[in-house]
Amino acid sequence: MSRSSVEIPERAIWVIPAVLVACTSVSILSTDLYTPSLPHLPRLLSTSAETAQLTVSLNLVAYAFAHMLHGPLSDRFGRRRLLMVGMAGFLFASLICAAVQTIDGLLIGRVAQGLFASVPSVVVLLIIREMFDRDNAVRIMGYYGMAIGITPAIGPIIGGYIHVLAGWRMNFVLLALLAAGAFLLVCRFLPETGTRDHSAVHPRQVVRSYLALLRRRTYLRYLLPLAVMFGTLFAFVTAGPFLLIDRFGIATQDYGLYYGVLVLAFMMGGLTVSRMVG
């Protein structure tokens, strides 16, 4: 897609970033909101702890691999349209997770959630790049980073209390409601950006582009440390609730406070690095 020629009204400087943050925050909450419920799933769904942990692992696998599709799809069909599809699909996947009676059904719902939850993480950055000039884009990315950094910290806190007060299914009902709200915001406030490229989804072109990217040593030097870092983080997201709630007896509603320490350290590390770069 080429850079957008959409005329941006003054209010869009704040309204559009708020919509983009809402979409990304909803996708992030898809894991963090219900992690306090993980240690309880083996008893509630008559399964093993290892299978319950797959609801996080398979979600992450689907989330990661879908990234490779969303770029070409947004080039072909448009950023706004794909973001609408992503939020609508996420809504229905969340309702599936809330309604299932077996662990197999939950695994299917979580994979579907991962596929749709990864749409904002790709499309949002493209929209910011295309709609705003360099100075505004940098400013917006700063606020955007802060907002999505806070979401993983508050998600488990809210999810823990919801689990205790209303049960684990209500976490997915809340996700569906938030996705519906994000969908309506996209429909109301977000314009289309860029020009569609009808050849963007041609398999040969997509494969050629990714192969060219993987040949870049500079790209790989940045990619591999990030992969290790996020792999470690999600290892804790998967095993942490069992360790703290089952092994150490932490109350379900208090798990988010302990997880928040990790998120705070993550944010402080990012802030320190940004200052060191300057």
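Please refer to the structure higher up on the page.
Cut-offs applied
- Residue positions are given per chain, counting from 1 as you read along its sequence in written order.
- The predicted origin of the model limits local features to residues at a pLDDT of at least 70 and limits the giving and counting of side-chain atom pairs to 80 or more, whereas totals for whole chains, interfaces and linings rest on all residues.
- Neither water nor hydrogens contribute to the side-chain values; these are computed over all heavy atoms in the structure.
- Lines fitted to C-alpha atoms define the axes here, with helix axes fitted over just the stretch in contact, and angles between the N-to-C directions of these axes take values from 0 to 180 degrees.
- Put simply, DSSP marks the helices as runs of H or I at least four residues long and the strands as runs of E at least two long, and each gets a number from the N terminus on.
- For classification, angles of less than 35 degrees are called roughly parallel, those exceeding 145 degrees roughly antiparallel, those between 65 and 115 degrees roughly perpendicular, and all remaining angles oblique.
- Any two residues having at least one pair of non-hydrogen atoms within 4.5 Å are treated as being in contact.
- Here the nonpolar group is Ala, Val, Leu, Ile, Met, Phe, Trp, Tyr, Cys and Pro; Asp, Glu, Lys and Arg are the charged ones; every other residue, Gly included, is treated as polar.
- Patch rule: a residue counts if its relative accessible area is over 30% and it has no salt bridge; like charges are joined within 9 Å, and nonpolar side chains (Val, Leu, Ile, Met, Phe, Trp, Tyr) within 5 Å.
- Here the Shrake-Rupley method, with its probe set to 1.4 Å, supplies the accessible areas, and only the displayed protein chains count as covering residues.
- One speaks of a salt bridge when a side-chain nitrogen belonging to Lys or Arg is within 4 Å of a carboxyl oxygen belonging to Asp or Glu.
- Each residue is assigned to one of three classes by its accessible area relative to the maximum for its type, calculated with a 1.4 Å probe on protein chains only: buried under 20%, partly exposed between the two thresholds, exposed over 50%.
- Residues grouped as a nonpolar core are buried Ala, Val, Leu, Ile, Met, Phe, Trp, Tyr and Cys residues, joined through side-chain atoms within 4.5 Å.

Visitor: Account for the packing of helix H6 (residues 134–166) against helix H7 (residues 169–189), naming residues and giving values.
Guide: Relative orientation and spacing of two packed helices are given, respectively, by the angle between their axes and the distance between those axes. Close contact between H6 and H7 brings their axes to 8 Å; oriented N to C, the two are set at 125°. In this view, H6 runs oblique relative to H7, as classed from their interaxial angle. Mapping the contact onto sequence places Ile158, Gly159, Ile162, His163 and Ala166 in H6 and Met170, Asn171 and Leu174 in H7. Across the contact of H6 with H7, the residue classes tally to 5 nonpolar, 3 polar and no charged.

Visitor: Could you give an account of a nonpolar patch on the surface, with specific residues and numbers?
Guide: The grouping of Val207, Leu211, Leu214, Tyr219, Leu223 and Leu224 at the surface amounts to a nonpolar patch, some 510 Å² of accessible area in total. Of all the elements in the fold, those that place two or more residues in the nonpolar patch are helix H8 (203–214) and helix H9 (217–247). Among the structural elements, Leu211 can be located in helix H8. Leu211 sits in the partly exposed class, given a relative accessible area of 41%.

Visitor: Describe the pattern of salt bridges, listing the residues and the values that go with them.
Guide: Following the criterion strictly, the structure yields 2 salt bridges and no others. Arg79 serves as the salt-bridge partner of Asp75, at 2.7 Å between the closest nitrogen and oxygen. Exposure class is identical for Asp75 and Arg79. Each is buried. We note a salt bridge from Arg79 to Glu130, for which the minimum N-O separation is 2.5 Å. Of this pair, Arg79 sits in helix H4 (residues 79–99) while Glu130 sits in helix H5 (residues 103–131), and the two are 51 residues apart along the sequence. Across this residue pair, the class does not change: Arg79 and Glu130 are buried.

Visitor: For the nonpolar core, give the residues involved together with the corresponding values.
Guide: In terms of nonpolar packing, the biggest core is built from 54 residues, with Leu20, Leu41, Leu83, Leu106 and Phe172 touching the most fellow members. Element by element, the count of residues in this core is highest for H5, at 10 residues. Filtering out sequence-adjacent residues up to four positions away, Leu83 remains in contact with Leu20, Cys23, Val119, Pro120, Val123, Ile127, Val186 and Leu190.

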